[in-house]
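Structural overview for review
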Amino acid sequence: MTTYSSKPVEIPMSASAAYAKLSDLSAFQERIASLPEDLKAKVGDISFTADTISFNGTPMGALVLKLSETVPDKRVAFTAQGAPVPIVMSIELEDKGEEKAEAISSIDVEVPAMLKPMIGPKLKEAAEKMGEMIKNLVSLK
């Protein structure tokens, strides 16, 4: 497996508060539904249940990430369901002061060596976008 990670992103809440939001995703669906149309367009075609994130319109078609690991206040990980290769997306959380935390999102994927030069940069970009998306989602009120 190869890991592609985002740069750390600052989240305006404690790691435990961010963990609470990320370990039960059901509230995100309601928040997305209440967003103005321009912000919905930025988020994209994404939906949530308590333990899944579904992306439509990816290059692989629909992609469902299911909550597969939790470490209270530190880490949540999701495993891709039905993907052509094993994929795990994780979010590491670390407190950085009062009501401030840092998140790093990572994508672990099994990519054949000959495809890494073509796919690697896109996966790195996807990890960066996931980090920003997580920051935006947990910051929604």
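Residues numbered from 1 in each chain as written. Predicted model: local features only at pLDDT ≥ 70, side-chain atom pairs only at ≥ 80, totals over all residues. Heavy atoms only, no water.

Moving on, we come to the overall build of the protein. The secondary structure content of the protein amounts to four helices and eight strands. Counting from the amino terminus, the protein carries its helices and strands in the arrangement β-β-α-α-α-β-β-β-β-β-β-α. Over its C-alpha trace the protein gives a radius of gyration of 15 Å, about what one expects of a compact globule, namely 14 Å for 141 residues. Seen through its principal axes, the protein has C-alpha atoms that stretch 45 × 35 × 25 Å. Accessible surface computed for the protein: about 7,800 Å², of which carbon and sulfur atoms make up 57%. Considering the protein, the positive charge centre built from 16 side chains and the negative charge centre built from 20 side chains are found 4 Å apart. (Helix = DSSP H or I, 4+ residues; strand = E, 2+ residues; numbered from the N terminus. Rg over C-alpha atoms; globule rule 2.2 N^0.38 Å. Areas by Shrake-Rupley, 256 points an atom, 1.4 Å probe, with all protein chains shown as cover. Lys, Arg positive; Asp, Glu negative; His and termini not counted. Charge placed at Lys NZ, Arg CZ, Asp CG, Glu CD.)

It is worth spelling out the nonpolar core at this point. Counting 37 residues, the largest nonpolar core has Leu22, Phe48, Ile53, Phe78, Ile91 and Leu93 as its most contacted members. Ranked by residue count, the leading element in this core is helix H4 (residues 116-139), at seven residues. Ignoring sequence-local partners within four residues, the contact set of Leu93 consists of Ile11, Ala15, Ala18, Tyr19, Leu22, Asp73, Lys74, Glu102 and Ala103. (Core = buried A, V, L, I, M, F, W, Y, C linked by side-chain atoms within 4.5 Å. Buried < 20%, exposed > 50% of the residue type's maximum accessible area, 1.4 Å probe, protein only. Contact = heavy atoms within 4.5 Å.)

What follows covers the environment of Pro12. On the secondary structure map, Pro12 appears in the loop between strand E2 (9-11) and helix H1 (15-23). Along the backbone, Pro12 and Phe55 are 43 residues apart, and their C-alpha atoms lie at a distance of 25 Å.

The phi angle at Asp73 is positive, at roughly 65 degrees, despite the residue not being glycine. Topologically, Asp73 is positioned in the loop between strand E5 (61-71) and strand E6 (75-81).

This paragraph deals with the packing of aromatic side chains. On inspection of all chains with the given rule, the structure shows one aromatic pair. Ring plane angle 50 degrees and centroid distance 5.3 Å describe the contact between Phe28 and Phe48, whose orientation is recorded as tilted. With Phe28 in helix H2 (residues 26-33) and Phe48 in strand E3 (residues 46-48), this residue pair connects regions lying 20 residues apart in the sequence. On the basis of relative accessible area, Phe28 is assigned to the buried category, the value being 2%. Phe48 gets classed as buried once you look at its relative accessible area, which sits at 7%. (Phe/Tyr/Trp six-rings, centres within 6.5 Å; stacked < 30°, edge-to-face > 60°.)

Moving on, we get to the environment of Glu98. Within the fold, Glu98 resides in the loop between strand E7 (87-95) and strand E8 (101-109). The exposure class of Glu98 is exposed, given its relative accessible area of 78%.

The next subject is the pairing of E8. Of all nine residues in E8, seven are buried; the element is thus mostly enclosed. In the sheet, E2 pairs with E8 via three bridges, with the strands oriented antiparallel. Note that in E8 the partner of Val9 across the bridge is Ala103. Here nine bridges tie E7 to E8, and the two strands are oriented antiparallel to one another. Of the residues in E8, the one forming a bridge with Met89 is Ile107. (Pairing = 2+ DSSP bridges.)

Turning next to H1. For H1, every residue scored as buried is listed here: Ala15, Ala18, Tyr19 and Leu22. The arc that holds the buried residues of H1, viewed along the axis, is 100 degrees, so those residues lie on one side. (Arc of directions from axis to C-beta.)

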